[in-house]
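Residue-level listing of the chains:
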Amino acid sequence: MDSALITPRPRPVPALRQQFLSTEFRRSYGWLAASMHRLVGCRNDAEDLASSAFTELAAIEEFEGIRQPRALLTTIARRLTFEFWRRRDLERDYLDALARQPECHDASPEELCLAVEELVRIDAALRRLSARAREAFLLSQYEGLGYAEIAERLGVSSSMVRKYVAQALDACWPAA
Amino acid sequence: MTAARPAAEREAIDWEVRLRGATPEPGELRAFAAWHAVPEHAAAWAALQQRLGRMGGHGVAHAGAIAQALRSPVQERRRALRAGFGLGALAITGWGGLRAVHALGLDADWRSSVGQRGEGRLADGTPLRFDAATRIDLGADGAMPRLHLRQGQLLVGARGPLALAIGATAVVTAVVTGGAHVAAGRVGGRTLVAVRDGTATLHPPQGKPQRLDAGQTVQVDAGGVQPSSLSFAAATAWTHGMLVADRLPLPDLLDAFGRYHPGLLRAGGAAATRSISGVFQLVDLDATLHQLAQALPIEIERYGRFLTLLT
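Let me sum up the structure you'll find in this document. Remember, predicted model here, so these are calculated numbers, not experimental data.

1. Thoughts on the pairing of strand β6 (residues 153–157) of chain B
All names here are of chain B.
And then number 1: Within β6, 4 of the 5 residues are buried, which leaves it mostly tucked inside the rest of the structure.
And then number 2: Sheet topology note: the strand β3 (residues 127–130)/β6 ladder contains 3 bridges and is antiparallel. Pairing of phenylalanine 130 across the sheet is with leucine 154, part of β6.
And then number 3: Sheet topology note: the β6/strand β9 (residues 181–187) ladder contains 5 bridges and is antiparallel. Directly across from valine 156, in β9, lies its bridge partner valine 182.

As structure tokens, then:
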């Protein structure tokens, strides 16, 4: 690695942006971390969420468009909190269910971590579907039920179940 | 169905749904074999099966646990969130808020978060790879597809003529010939465009359009278009988690590092005036920053988990 000293061109816009961000950080970080603390109940989690929200705010190029930074931070933080809680719920329910399966061999922490990552991905994809479509897919994919049986359970036609499964496959499989 | 999904993939999904049904008829199996004999179809089928394999399914030991976790209700979390934040979120209305949501890329066609590279494909099969923290919108320019790289970097292997717009305000545009591989990226205030195989016509913010031939790499900034010494491989090193810098001002280098670092990286004081050349790995950025601080007379200060200052 070598280095040479040259003067970069003046870049007024990034400077303004940096100023906006550091002003906003000083003004709102404590406030946001405190609101998150009230919501999630743990100081460390609250700081992580507040930091992540600022990181996303910092990614906005057109910062001049932000009229109410705190409102935007709140919106970002809401989504992050939801994702954070959702991941915890999924992980907890998954581990609970595993613990109740004595025949299941012990998975390594890495395997569990990968499995939870995958759960989060599938969950996010399936959340775009209707409750019925989601349930139809879970019954088909994880419980191995046939279309006729799923149709009976959900009170819909078999062809509807096929549509649901197709929707779920489409949602879970990112286009190449 | 996802609009951008190639026909082979849509058909693979259809076949998966059909073959899941009760015992398929011999005629159906023959039809599937004929469909699968086309290499493109076989590839789509293999990709879908691989995805399904990762998702787990009936028969794997923990299938029940997966289903149970996926059934955990979402509603109470949403209610708690609404209660917890009260009216705060309602304040985000009007043009500023909408523009900001757009700027965040929550509505972008392709979007990657910090540290995560991604891949995609246009309707005509044109493969697209994009760097971490990248946002790309897909549009049309007449009959040509138009990719708007709002932020980050991309590498596209154009199947047919393709329009590119680079930067939040599309400050640089280019038209790419079919068969060309083009890498484009935004770092700080500058745009890097590299061409392999075909050609591209570059429209800089000022001056005349300029033709780029295979093997050419240029850098566009407020001062105009300058040739860059980076090879196509160097300009696309990010596809392997590397960054090649050629006399890049430190603030711009940190901007590129920021795609792999949650939080802000900023240079101040004398450090901000330095230009850096070198090859950096992006996977363990803390190690890279440490290496930088050892090689240069700069100090690294961390403010919480959010802000890292180099002075």
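Read on, since the account is not over.
2. Re the sheet that holds strand β1 (residues 110–111) of chain B
All names here are of chain B.
And then number 1: Taken in spatial order, the 7 strands of this open sheet run β1-β4-β5-β7-β8-β11-β12, and their pairing is mixed. If you trace the sheet from one side to the other, it starts and ends with β1 and β12 (210–212), each paired once.
And then number 2: Here 3 bridges tie strand β11 (residues 200–203) to β12, and the two strands are oriented antiparallel to one another. Directly across from leucine 202, in β12, lies its bridge partner glutamine 210.

3. Observations regarding the sheet that holds β6(B)
All names here are of chain B.
And then number 1: Strands sit in the order β2-β3-β6-β9-β10-β13-β14 across an open sheet of 7 strands; the sheet is antiparallel. Edge positions in the sheet fall to β2 (118–121) and β14 (224–227), since each of these pairs with one other strand and no more. Shown here is a sheet whose adjacent strand axes are inclined to one another by a mean of 20°, direction ignored.

Parameters at a glance
- Residues numbered from 1 in each chain as written.
- Chains lettered and ligands numbered in written order.
- Predicted model: local features only at pLDDT ≥ 70, side-chain atom pairs only at ≥ 80, totals over all residues.
- Buried ≥ 20, exposed ≤ 12 C-beta atoms within 10 Å, placed from the backbone.
- Helix = DSSP H or I, 4+ residues; strand = E, 2+ residues; numbered from the N terminus.
- Pairing = 2+ DSSP bridges.
- Axes fitted to C-alpha atoms, helices over the stretch in contact; angles between N-to-C directions.

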